[in-house]
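Spelled out, the chains give:
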Amino acid sequence: MMDMAKCVSLINMKGGVGKSTLAVNLAWQFTGLKKWNKRVLVIDLDPQFNASQYLIGVQKYQQILSNQIPTVWDVFEQMTRTPSKTSKQLNPKSVLYNVVSFPDGSRIDLIPSRLELAYSLRNPSQKEGLLAQLVSKIEDDYDLILLDCAPTESVLTTAAYLTSNFILVPVKPEYLSTIGLPLLVRSIDEFKAAPYGNNNLQLAGIVFNHASNYSPEEKISKTEVRRMAAKNKWYVFKSEVSYSRSYPKGAREGEPIFRTSYARWKQAFRFAAFADEFAGRIGL
Amino acid sequence: MIEEQEMDLLLDLLKLLKKHGDKTFSSLANKLTSGEVIGNLSQILMQVSKRAEKMPRPEKERKGKQQHPIPKSLSTLEKIDPQKYGILIEFHRDLVAKRVLPSFRDIKQFATDCDLPEIYANSRQKVINPLIEALVVSPNEMVHEWIKSAKSGQQTDRSLEGWGKIIMKKKQGE
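Let me begin by describing the structure that accompanies this report. Worth saying up front: this structure is predicted, and the values here are computed from it rather than measured. (Residues numbered from 1 in each chain as written. Chains lettered and ligands numbered in written order. Predicted model: local features only at pLDDT ≥ 70, side-chain atom pairs only at ≥ 80, totals over all residues. Heavy atoms only, no water.)

**Points about the interface of chain A and chain B**
Then, in step 1: On the chain B side, the residues contacting the 23 residues of chain A number 12 residues.
Then, in step 2: Linking chain A with chain B are 0 salt bridges, by the criterion used here.
Then, in step 3: On the surface where chain A and chain B come into contact, there are 0 residue pairs in polar contact (both at pLDDT 80 or more).
Then, in step 4: Elements that contribute at least two residues to the side of chain A that touches chain B include exactly α2 (50–66) and α9 (246–253) of chain A.
Then, in step 5: Residue classes in the side of chain A that touches chain B are distributed as 12 nonpolar, 7 polar and 4 charged. (Contact = heavy atoms within 4.5 Å. Salt bridge = Lys/Arg side-chain N within 4 Å of Asp/Glu carboxyl O. Polar contact = N/O pair within 3.5 Å; in protein donor to acceptor, adjacent residues only side chain to side chain. Helix = DSSP H or I, 4+ residues; strand = E, 2+ residues; numbered from the N terminus. Nonpolar A, V, L, I, M, F, W, Y, C, P; charged D, E, K, R; others polar.)

**Quick word on the side chain of S138 of chain B**
All names here are of chain B.
Then, in step 1: Structurally, S138 is set in the loop between α9 (124–136) and α10 (140–152).
Then, in step 2: Note on S138: relative accessible area 10%, which makes it buried.
Then, in step 3: Side-chain polar atoms of S138 contact the backbone oxygen of A134, separated by 2.8 Å.
Then, in step 4: Other than its neighbours up to four places away in sequence, S138 contacts K84, L116, V143 and W146. (Buried < 20%, exposed > 50% of the residue type's maximum accessible area, 1.4 Å probe, protein only.)

**Topic: the packing of helix α7 (residues 82–96) of chain B against α9 of chain B**
All names here are of chain B.
Then, in step 1: Where α7 meets α9, the closest approach of the two axes is 11 Å, and the angle between their N-to-C directions is 165 degrees. Considering the angle they form, α7 stands roughly antiparallel to α9. At the point where α7 passes α9, the crossing takes the right-handed sense. Across the interface between the two elements, K84, L88, F91, H92, L95 and V96 from α7 touch R124, I128, N129, L131, I132, L135 and V136 from α9.
Then, in step 2: Along the lines of polarity and charge, the residues of the contact of α7 with α9 split into 9 nonpolar, 2 polar and 2 charged. (Axes fitted to C-alpha atoms, helices over the stretch in contact; angles between N-to-C directions. Parallel < 35°, antiparallel > 145°, perpendicular 65-115°, else oblique. Left-handed = near helix turned anticlockwise from the far one by under 90°.)

Listed below in structure tokens is the structure:
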């Protein structure tokens, strides 16, 4: 019997903490390395579509738009009726865009996002369960599903909670960034208390992203986060994703850290250590 | 009494006499002493100067300046497989001019990606010819694909301009 796909939302109510970079690098880690050979689906749930930009580049993204290939926007708008269009259930396979496939069967697929996803937030009624419904029809084809979430409380956040088994929280160790953490916990608590709440949702852990172990501010921020985590019994990953100029460079090149040109192996090894710990936490 | 500098000139003239032969030497000496040549000396000197510019440099000197001679195996390919020769000679030129795979590491990475045998070289300049030699003996269709991907790799698909066109167009269209 095949194991169920592990579905993980990367979320923080603060923007700019490196969610998309982390999501894409995790996807590559579990597909590109022989050690893992996993089938990974990345769902870009952010109207700013950074994960899509990182994974497929300008030309392929333009093709998606030109050829009217469905995106995550279509998932949320499939039941919307307009004078020119009646509601029609979306074929789940039609929204999957293959980014890379390896001979051993491992691959990264993407459900891309688009700017118009922001408009779905204007009329959010009865849309929150649509993504979970779609994922339930395709999850057997994957070992890991990563949802790259937008940093705001909206129907997209609820949709992510309903779809996921785990939450991974990247935290940049600096003052304003850490405040996103209690905001997120409040959001999760409110979701669990709601009638439609998914009580199986677990916090996989908090990972320090962009860490350099250098400035006093960073040390203070980490201490505060660890204190809050201990009080609430949240897991904080021992491995940290360190700050490196190679991460933005990798995004420009469309490559993960272990394939980014001139990236130091030290950075790749550190990321691999985090990926190992993450896999252990979610039972991958 | 002959001066030292005049002695040097005499020695040089003797060398030239040996090189060109006494017949040519005395023939030219007769013409130089005639009034006709002296009258047209400036014109003659200009002709001599132009001829000197057109003269090819010695083979040895040219070879010394050419830092990337074409590998022998590639030259041999010209008659056996002109199409592959054409592709590889262009690739060689692009590599030398750094239009493709501009760094040493790019070339090493390219060789690794193509699964070519390990190239032992410690500089970009030294790695070009072994790479071309490895491509000469690789299957044609693969070589074609590899070179195509190396060239396309130089064009970025991640530019701000590219994303800007997608994002701004949408906003204007609404």
